[in-house]
Amino acid sequence: MDAETKKKRKQAVEAPRQSIFMMDPDEITLVEKPGRFYDKRVHLKVSEALVASIMEYGLLTPITCMKVGDKVICVVGRQRVKATREAKKRTGVEFRIPVLMKKGTEERTESYTLIENAQRQNDDPVTEAENMAAHFDRIGSWEAVGVVMGKGVQTVKQQLKIL
C-alpha cells in the first residue's frame, strides 16, 4: 500500500463519527406549510410498497433531522417518516426511526434537503427549477445552487427560464 492510500485510510478511520438516534416517528416534526424546511413533496401520497417494507423490516435508512428550539425537524426523509407512522398505525407496533441529527446553520441544512432530493428522485423540470429559485433566494449564489444541484451555473440559469 502506498503512502497516499495509507494517509487516506488513516483519515477515514480517524474522521469524526456521527451518532444515529432511534426516535418515535410521532416525535418528529414534518413542516407542512410554506416556510423554512418546507418541501411540497411532504403532501405526496405515502408509498404502499414503502409501508409494507417497513411493516416487515422496519426502517433501515436513517432520516436527517435538525433540532430547532424544542422540535426535531425532519430535513431529509419525510416520506419515510410518513410511511413509518402509517405502518405503526396499521400494526400497532411501536416502530422507531433511525435519525441522524445535523448541526449547522439552517441554510446549510436546507441544502441537504435539496441535495438529497436531487440524488433520490428525478423531479419534473418545473419542480426542479422552483427548488433552484427558492435555494437561490436563500443563499444568493448561482454557483452554490449549481454545486448543490450538480449542475453548471449556465444550466441552472437556463432551467430557471421555464418559470
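A quick note: this is a predicted structure, and the numbers were derived from the prediction, not measured.

Give a description of a nonpolar patch on the surface that names residues and reports values.
Taken together, V126, I162 and L163 make up a surface patch of nonpolar side chains, about 260 Å² in accessible area. As for its position among the elements, I162 is in the segment after α7 (153-160).

So what's going on with the nonpolar core? Which residues, and what values?
Nonpolar side chains tend toward joint burial in soluble globular proteins. Counting residues in hydrophobic clusters, the biggest one holds 17 residues, and the most contacted among them are I28, I63, C65, C74, V81, I97 and V99. Secondary-structure elements contributing two or more residues to this core are α2 (48-57), β3 (63-68), β4 (71-76), α3 (78-91) and β5 (97-101). Sorting elements by how many residues they give to this core places α3 first, with three residues. Those residues in contact with I63, other than ones at most four positions away along the chain, are I28, C74, V76, G77, R80, V81, I97, P98, V99 and L100. Ranked by size, the runner-up nonpolar core spans seven residues in total, among them A129, M132, V145 and V156.

Explain the environment of I73 residue by residue, including any values.
Summarising the element assignment, I73 is placed in strand β4. Note: C-alpha distance between I73 and V31 (42 residues apart in sequence) is 7.3 Å.

Describe the pairing of β5, and please don't skip the residues or the numbers.
On a regular strand, one side chain projects to one face of the sheet and the next to the other, so that they alternate. Counting buried positions along β5 gives four out of five residues, so the element sits mostly inside the fold. In this structure, strand β1 (residues 20-23) lies alongside β5, joined through four bridges in antiparallel fashion. For M22, the partnering residue across the bridge sits in β5 and is P98. With three bridges connecting them, β3 and β5 associate as parallel partners. Pairing of C65 across the sheet is with M101, part of β5.

Could you give an account of α3, with specific residues and numbers?
When the terminal C-alpha atoms of α3 are compared, their 20 Å separation across 14 residues agrees well with the 20 Å that a helix rising 1.5 Å per residue should span. Within the sequence span of α3, burial applies to R78, R80, V81, K82, A83, T84, A87 and K88. Two residues or fewer past α3, G92 is found with a positive phi of approximately 80 degrees.

Break down the packing of helix α6 (residues 142-149) against α7 for me, with residues and values.
How two helices sit against one another is set out by the angle between their axes and by the gap between those axes. Relative orientation of the contacting elements α6 and α7 amounts to 95 degrees, with a least axis distance of 8 Å. As summarised for this structure, α6 and α7 are arranged roughly perpendicular, according to the angle between their axes. Two secondary-structure elements touch here, α6 through W142, E143, V145 and G146 and α7 through V153, V156, K157 and L160. Split into classes, the residues belonging to the contact of α6 with α7 amount to five nonpolar, one polar and two charged.

What counts, and at which threshold
Residues numbered from 1 in each chain as written. Predicted model: local features only at pLDDT ≥ 70, side-chain atom pairs only at ≥ 80, totals over all residues. Heavy atoms only, no water. Patch = residues over 30% accessible without salt bridge, like charges linked within 9 Å, V, L, I, M, F, W, Y side chains within 5 Å. Areas by Shrake-Rupley, 256 points an atom, 1.4 Å probe, with all protein chains shown as cover. Salt bridge = Lys/Arg side-chain N within 4 Å of Asp/Glu carboxyl O. Helix = DSSP H or I, 4+ residues; strand = E, 2+ residues; numbered from the N terminus. Core = buried A, V, L, I, M, F, W, Y, C linked by side-chain atoms within 4.5 Å. Buried < 20%, exposed > 50% of the residue type's maximum accessible area, 1.4 Å probe, protein only. Contact = heavy atoms within 4.5 Å. Pairing = 2+ DSSP bridges. Expected span 1.5 Å × (residues − 1). Axes fitted to C-alpha atoms, helices over the stretch in contact; angles between N-to-C directions. Parallel < 35°, antiparallel > 145°, perpendicular 65-115°, else oblique. Nonpolar A, V, L, I, M, F, W, Y, C, P; charged D, E, K, R; others polar.

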